[in-house]
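The residues making up each chain are set out below.
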Amino acid sequence: MADPGLKSSGAVERFLAFATVPVAIVLLFAFVGEYLHYYLPWSAPRLAASLGMLHGYPLYSALDKGVINGWIYGPVPALLWLPAGLVATPAAALRIAVAIDFVILFAPVWLIARREAGAGAASVTAAAWSVLAAAIFALFHPALDYMATELCSDVPAVAFATLSCVCLTSRRPSQAVLAAGLLALAIWSKLIVLPVAAAQLVFIALTDGLKPAVRYGAFLAAWTTGLGVVFTAIWGFEPMAF
């Protein structure tokens, strides 16, 4: 028979663990809320290009057709911001879009903290406080502050690339397909993450051998090409190339 004292101790531990999560979340939004720069110049035009799709304007237009909205990135960020179009006012839409970016940016921190802390209530606590610490740190780092507080395509690019690397570190073959898919989403967010693909291939070749590296490269090529076919079918090759 289990010791009642141990059961009571475990229950108290779980209660304290989960009780600290709302505290971390409240502190996070109280602190970060003052810094969400939804009013900064570049956020509005970037969101306008995204939400224009809800009003019949294409994200990409050819040189001699349609509206030139200034969108020069992959389509993934613009698609992720579309839920912001469900509200009635521009200011509310900007806040929602920035919040979406914020969640995407720090999702890898949450997942990594939960994985490293193990199973149980303690991992939830560790994840919540890790996100809070990462958010506070980001606000004092110029590059991360820009990503965390203003709409930019760097956020999904960095977040998806990070999640891809996390999947690869699990060293499970089944995760390779998911890792390749996440990196393909990162590439179709912003091309700055292309060097990550090279780094991953070198990592796999050095740790697992050439054959797994070639196989992962095939997965990545398939995902990237497949997404490209879908996006080209939606907007056309010429407008996207322009």
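Engineer: I'd like a description of the overall build of the chain, backed by residues and values.
Structural biologist: The helix and strand tally for the chain stands at eleven helices and zero strands. Mapped in sequence order, the helices and strands of the chain form the string α-α-α-α-α-α-α-α-α-α-α. Here the chain holds 242 residues, and the buried ones make up 40% of them. A fraction of 70% describes how many contacts in the chain between residues 6 or more apart in sequence connect residues 24 or more apart. Summing over all exposed atoms, the chain offers an accessible surface of approximately 13100 Å²; the carbon and sulfur share of this is 74%.

Engineer: A description of the pattern of salt bridges should follow, citing residues and the corresponding values.
Structural biologist: Inspection of the entire model under this criterion finds one salt bridge. The partner of K190 in a salt bridge is D154, and the shortest N-O contact between them spans 3.2 Å. Taken together, the positions of K190 in the loop between α8 (174-187) and α9 (194-207) and D154 in helix α7 (residues 154-169) put the pair 36 residues apart, joining distant regions of the chain.

Engineer: Any chance you could break down the confidence of the model for the chain for me, citing the residues and the numbers?
Structural biologist: When the pLDDT values of the chain are averaged, the result is 81; 81% of them are 70 or greater. Within the chain, helix α1 (residues 4-32) has the poorest average pLDDT of any element, 57, and helix α3 (residues 76-80) the best, 95. Below a pLDDT of 50 lies the segment residues 4-8, which in the model reaches one contact outside its immediate sequence neighbourhood of four places, other chains included.

Engineer: Describe the side chain of S164, and please don't skip the residues or the numbers.
Structural biologist: Examined against the element boundaries, S164 turns out to sit in helix α7. A distance of 2.7 Å separates a polar side-chain atom of S164 from the backbone oxygen of A179. Setting aside residues no more than four positions away along its own chain, S164 makes contact with A179, L182, L183, Q200 and Y216.

Engineer: So what's going on with helix α4 (residues 90-117)? Residues and values would help.
Structural biologist: In a regular helix each residue adds 1.5 Å, so 28 residues correspond to 40 Å; α4 covers 40 Å between its end C-alpha atoms and thus fits that length. Its maximal kink placed at F106, α4 deviates by approximately 40 degrees, while the proline P108 follows within four residues. Listing the buried residues of α4 in full gives A93, L94, A97, V98, I100, D101, F102, I104, L105, F106, P108 and A113. One or two residues past the end of α4 sits G118, with phi positive at roughly 85 degrees.

Engineer: Residues and numbers for the packing of α4 against α7, please.
Structural biologist: Two numbers describe how α4 lies on α7: the axes approach to 8 Å, and their chain directions differ by 15 degrees. Between α4 and α7, the crossing angle belongs to the class labelled roughly parallel. Considering only the axes of α4 and α7, their crossing is left-handed. Residue-level inspection shows D101, I104, L105, P108, L111, I112 and R115 of α4 in contact with α7, the latter providing V155, P156, A159, T162, L163, V166 and T169. In terms of residue class, the contact of α4 with α7 is built from ten nonpolar, two polar and two charged.

Engineer: Which residues make up the nonpolar core, and what are the values?
Structural biologist: If you look at the biggest cluster of nonpolar residues, it comprises 54 residues, and the most contacted ones within it are L47, W71, F106, L183 and Y216. The contact partners of F106, leaving out residues within four places of it in the chain, are V131, A134, A135, A138 and A148.

Engineer: Lay out the environment of L182 in plain terms, naming residues and giving numbers.
Structural biologist: Within the secondary structure layout, L182 lies in helix α8. Put simply, L182 and S164 are 18 residues apart on the chain and 5.3 Å apart in space, counted from C-alpha to C-alpha. The residues contacting L182, other than those within four sequence positions of it, are F160, L163, S164 and C167.

Engineer: Describe in detail the layout of surface pockets, supporting the description with residues and values.
Structural biologist: The space that makes up the largest pocket amounts to roughly 420 Å³. Lining the largest pocket are 21 residues; nearest its centre among them are Y60, I72, Y73, G74 and M240. Here the lining of the largest pocket takes three residues from helix α11 (residues 237-241), the largest share from any one element.

Engineer: Before we move on, could you go through the packing of aromatic side chains and cite the residues and values that matter?
Structural biologist: Taken as a whole and judged by the stated rule, the model has six aromatic pairs. Arranged with centres 5.5 Å apart and planes meeting at 80 degrees, the rings of Y60 and W235 form a pair that is edge-to-face. Placement of Y60 in the loop between α2 (43-51) and α3 and of W235 in helix α10 (residues 210-235) is noted, with a sequence separation of 175 residues between them. For Y60, a relative accessible area of 7% puts it in the buried group. Ring geometry for F102 against F106: centres 4.7 Å apart, planes inclined by 50 degrees, an arrangement best described as tilted. Here F106 and F102 lie together in helix α4, a separation of four residues that amounts to about one turn. F106 gets classed as buried once you look at its relative accessible area, which sits at 7%. Taken together, the aromatic side chains of Y60, W188, F231 and W235 make up a single cluster linked through ring pairs.

Thresholds, definitions, all that
Residues numbered from 1 in each chain as written. Predicted model: local features only at pLDDT ≥ 70, side-chain atom pairs only at ≥ 80, totals over all residues. Heavy atoms only, no water. Helix = DSSP H or I, 4+ residues; strand = E, 2+ residues; numbered from the N terminus. Buried < 20%, exposed > 50% of the residue type's maximum accessible area, 1.4 Å probe, protein only. Contact = heavy atoms within 4.5 Å. Areas by Shrake-Rupley, 256 points an atom, 1.4 Å probe, with all protein chains shown as cover. Salt bridge = Lys/Arg side-chain N within 4 Å of Asp/Glu carboxyl O. pLDDT = per-residue confidence, 0-100. Polar contact = N/O pair within 3.5 Å; in protein donor to acceptor, adjacent residues only side chain to side chain. Expected span 1.5 Å × (residues − 1). Bend = angle between axes of the 7 residues up to and from the residue. Axes fitted to C-alpha atoms, helices over the stretch in contact; angles between N-to-C directions. Parallel < 35°, antiparallel > 145°, perpendicular 65-115°, else oblique. Left-handed = near helix turned anticlockwise from the far one by under 90°. Nonpolar A, V, L, I, M, F, W, Y, C, P; charged D, E, K, R; others polar. Core = buried A, V, L, I, M, F, W, Y, C linked by side-chain atoms within 4.5 Å. 1 Å grid on protein atoms, 1.4 Å probe; cavity = no way out; pocket = protein on both sides within 12 Å on 5 of 7 lines; lining within 4 Å. Points joined across faces, edges and corners; volume = space filled by probe spheres on them. Phe/Tyr/Trp six-rings, centres within 6.5 Å; stacked < 30°, edge-to-face > 60°.

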